[in-house]
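# Coordinate analysis (summary)
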Amino acid sequence: MSGDGTTDEGRTAPGDGAGGGPAGNPSHNGGKHRRRKYGRNRGDDGSREESMVPRAEFQSYYGRPVLKPPVWEWKIPAYLFTGGLSAASTMLSVGADLTGRPGLARTGRVGGAAALAASMYLLVADLGRPFRFHHMMRVAKPSSPMSVGTWILIAYSPGSMLAATAELLPASLRGTLPGRLLRFAARPAGMSAAVFAPGVASYTAVLLAQTAVPAWNDAHRELPFVFTGSAAASAAGLGMVCAPLEEAGPARRLAAIGAAVEIVASRMIDRRPGFVTTAYTTGHPHHLRKASEYLTLGGALTALTLARRSRVAAAVGGLALMAGSVFQRFGVFEAGVHSTKDPAYVVKPQRERLDARKREEAERAAEASQE
Amino acid sequence: MTRENSFHGPLADPAGEAGHEDHPPRMGFFTDTSVCIGCKACEVACKEWNAVPEDGIELLGMSYDNTGSLGASSWRHVAFIEQQRPLGHQDAGLTDLPVGPSSTETTTEVVAEALEATERGGANLGTAPVDLGFPSFDLPGAGSGVENRTQFRWLMSSDVCKHCTHAGCLDVCPTGALFRTEFGTVVVQQDICNGCGYCVSGCPYGVIDRRPDDGRAWKCTMCYDRLRADMEPACAKACPTDSIQFGPLDELRERADRRLADLHAIGVSEAQLYGRDPEDGVGGDGAFFLLLDDPEVYGFPPDPVVPARDIKSMWQHAGTAAAMMVAASAAVFLGGRRRR
Ligand code: SF4
Ligand code: SF4
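In what follows, the accompanying structure is described. Keep in mind it's a predicted model, so treat the numbers as computed, not measured.

### Remarks on the sheet that holds strand β9 (residues 272-274) of chain B
Residues and elements named next belong to chain B. As summarised here, the arrangement of the four strands in space is β8-β1-β10-β9, forming an open sheet in which the pairing is mixed. The two strands at the open ends of the sheet, each matched to only one other strand, are β8 (244-248) and β9. Taking the axes of each pair of neighbouring strands and ignoring which way they run, one obtains an average angle of 20° across the sheet. In this structure, strand β1 (residues 27-32) lies alongside β8, joined through five bridges in antiparallel fashion. Residue pairing in the sheet places Gly28 in a bridge with Gly247 of β8. In the packing of helix α8 (residues 249-265) onto the sheet, the strands contacted are β1, β8, β9 and β10 (287-291), and the crossing angle to β8 comes to about 135°.

What follows is the structure, encoded as structure tokens:
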């Protein structure tokens, strides 16, 4: 019998049968007191867990979370999306600018800067003390991915903003001297932003990975590829939606590459051995990431086929790619949050590691004493 | 294991590593839970001295623990665990009394459901008030009767910030609000913290948290102000059984080793030190413990690792992903200028 946790965010996976009624008092087995799970719905697949985790039960303090769940709200996963979108749009715009595709360049510059502005808002608004946002600039701290990210963003922003301003210049100002100077500066400005754009798109993976959050920390090898792939796919999507068909060829190709990288990397997360992976493969995070996969795949296929000829198809495919990226970011974020609320994700892997190490030590000691 | 960097592995002198010259010895706590009587004097003393605000007065259904967990406004937390077995060689004197099995299972059941419905799954205990819907109609423990008399032991342990040798919270703080003091402890500067919340996810022990109304992150300071005035922290001062011992970490480690040997000698074989080992995932804790059961029973992570251990691999993978992204964005433009 599983607990009533199914009401919680629509987690539908069956419990592992350990959340029984009060009759399931922990027994005095070998002096070890195994705590039950107090009706918590593990949200994991019982049978698979058996084979992976020899200790079906684990001990905890009244089933309470060991870790603090992230205090970040929806604004952070939203930023993961807007930041990635901005970075990849800027990169696309530079290529478009250099190869004579003004429509695609305009989309990339304006879209990139708009997404950047949204990112700034989201980041500042999520602070507990928004008016102290500038304290981020007190130090440059290589050990803190957030500090590294702050400085990458600071280096990235001016170029992106300048290039977009040049694009948005009203016709009446274009002929004036400042106007001409600005338009002349747009290309180098965009290129300077593009230098830092790959950093903007990838540092967020380290930002999440360098935490004690089991699901994020555990996926630190795959996350950067998921995030850059997702960023590329979303920017390509924006290009498909806004740029004229005959200019959007590179966007369509980038859509296919980005989507492929994102899907493969995110599948690799799902295949990681170990219990922590269940945070990704079950419940709400799983649904979000599945939706992301379908949307991204659909968008990429459209990009390679219909979107070459049909304006409508290009717009639909582009929107699907962007939506896919949003779902991916929220899925990864939710998986992490879920893995902190349930002590199993902390205790089980750590206990296994500890037991294995103790066994090893004991074996080594036994060997040493034999000699 | 990386040994060459300062993010992981044993580190003899964290304060020196952080740039303090001529600093006092590293100070710490040794919490010997085998003599804890659960009086919560430490919790009270901490609240009093540090003016930590109230964070909800609730009955949690977790034995005598109505604090729940460490948090932004709970810097000491006494855990109570009821177990159906005798404590070492002690005679709890219960054999002739009408004592049933612990009823915490039942009450906890009720509370767990209420907590599950809260936004942060119960981890906000110690941060802000949580409404559990108490009182309920059933008497707690109404299920047990005289026929169920059992042997019984009570584990109590006063938890606190570990002041890690490699502190996850400190590594990730982007403002420099968290810093390493000359005593080797880890403290938040409240005039700097902008409430980014990164430290909350950086701590592998779930200690530090953000106060919802205040927006900044708070945790135990090991009474930095008192230390600077040559006084011992309020909790250690208040502890009537010396379960909380304060002093130079080296001395405490020796003392703990002796205590462990003594306990093992008299047959308390389950006694174990937690956070004592400088070789562990966080390079050893500045506040470590003697426990009478596995760490996770007390709500500790059994084998915590500082997140920055893999920092090199993380950035390498991010770098590779970034390089791939550059290559892809260039490749899609191959074929030169657009066809007209
Ligand atoms: S990481 Fe956690 S336990 Fe360690 S010093 Fe920071 S708040 Fe304390
Ligand atoms: S919340 Fe405050 S103390 Fe914590 S990481 Fe952010 S700035 Fe540092």
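### Overview of the site of ligand 1
Every one of the 13 residues lining ligand 1 counts as a neighbour, but Cys161(B), Lys162(B), Cys164(B), Cys169(B) and Cys203(B) are closest to it. When grouped by side-chain class, the residues that make up the shell around ligand 1 number nine nonpolar, two polar and two charged.

### Thoughts on the pattern of salt bridges
Summed over the entire model, instances satisfying the criterion amount to 25 salt bridges over all chains. A salt bridge links Arg289(A) to Asp270(A), with the nearest nitrogen and oxygen atoms 2.7 Å apart. Remark: Asp270(A) occurs in helix α9 (residues 249-270) and Arg289(A) occurs in helix α11 (residues 283-304); sequence separation between them is 19 residues. The pair formed by Arg289(A) and Asp270(A) is uniform in burial state, with each residue classed as buried. Among the ionic pairs, Arg216(B) bridges to Asp214(B), the shortest N-O distance being 2.9 Å. Taking the relative accessible area as the measure of exposure, Arg216(B) reaches 13% and is therefore buried.

### Side note on the site of ligand 2
Around ligand 2, the surrounding shell consists of Cys173(B), Pro174(B), Thr175(B), Leu178(B), Val188(B), Cys193(B), Asn194(B), Gly195(B), Cys196(B), Gly197(B), Cys199(B) and Ala217(B). Class assignment of the residues belonging to the shell around ligand 2 gives a composition of eight nonpolar, four polar and no charged.

### Section: the pairing of strand β2 (residues 76-83) of chain B
Residue and element names in this part refer to chain B. Counting buried residues in β2 gives eight out of eight residues, a clear majority hidden from the surface. Of the two faces of β2, the one carrying Arg76, Val78, Phe80 and Glu82 and the one carrying His77, Ala79, Ile81 and Gln83 are both buried. As defined by bridge partners, β2 adjoins strand β3 (residues 153-160) across eight bridges and the pair is classed as antiparallel. Each residue of the ladder has a partner; that of Phe80, found in β3, is Met156.

### Structural notes on the packing of α11(A) against helix α12 (residues 311-341) of chain A
Residue and element names in this part refer to chain A. Relative orientation of the contacting elements α11 and α12 amounts to 155°, with a least axis distance of 7 Å. Here α12 runs roughly antiparallel to α11, going by the angle between their axes. α11 and α12 meet at a crossing whose hand is left-handed. Partitioning the contact of α11 with α12 into residue classes produces 13 nonpolar, nine polar and two charged.

Conventions used here
- Residues numbered from 1 in each chain as written.
- Chains lettered and ligands numbered in written order.
- Predicted model: local features only at pLDDT ≥ 70, side-chain atom pairs only at ≥ 80, totals over all residues.
- Heavy atoms only, no water.
- Pairing = 2+ DSSP bridges.
- Helix = DSSP H or I, 4+ residues; strand = E, 2+ residues; numbered from the N terminus.
- Axes fitted to C-alpha atoms, helices over the stretch in contact; angles between N-to-C directions.
- Contact = heavy atoms within 4.5 Å.
- Near = heavy atom within 4 Å.
- Nonpolar A, V, L, I, M, F, W, Y, C, P; charged D, E, K, R; others polar.
- Salt bridge = Lys/Arg side-chain N within 4 Å of Asp/Glu carboxyl O.
- Buried < 20%, exposed > 50% of the residue type's maximum accessible area, 1.4 Å probe, protein only.
- Parallel < 35°, antiparallel > 145°, perpendicular 65-115°, else oblique.
- Left-handed = near helix turned anticlockwise from the far one by under 90°.

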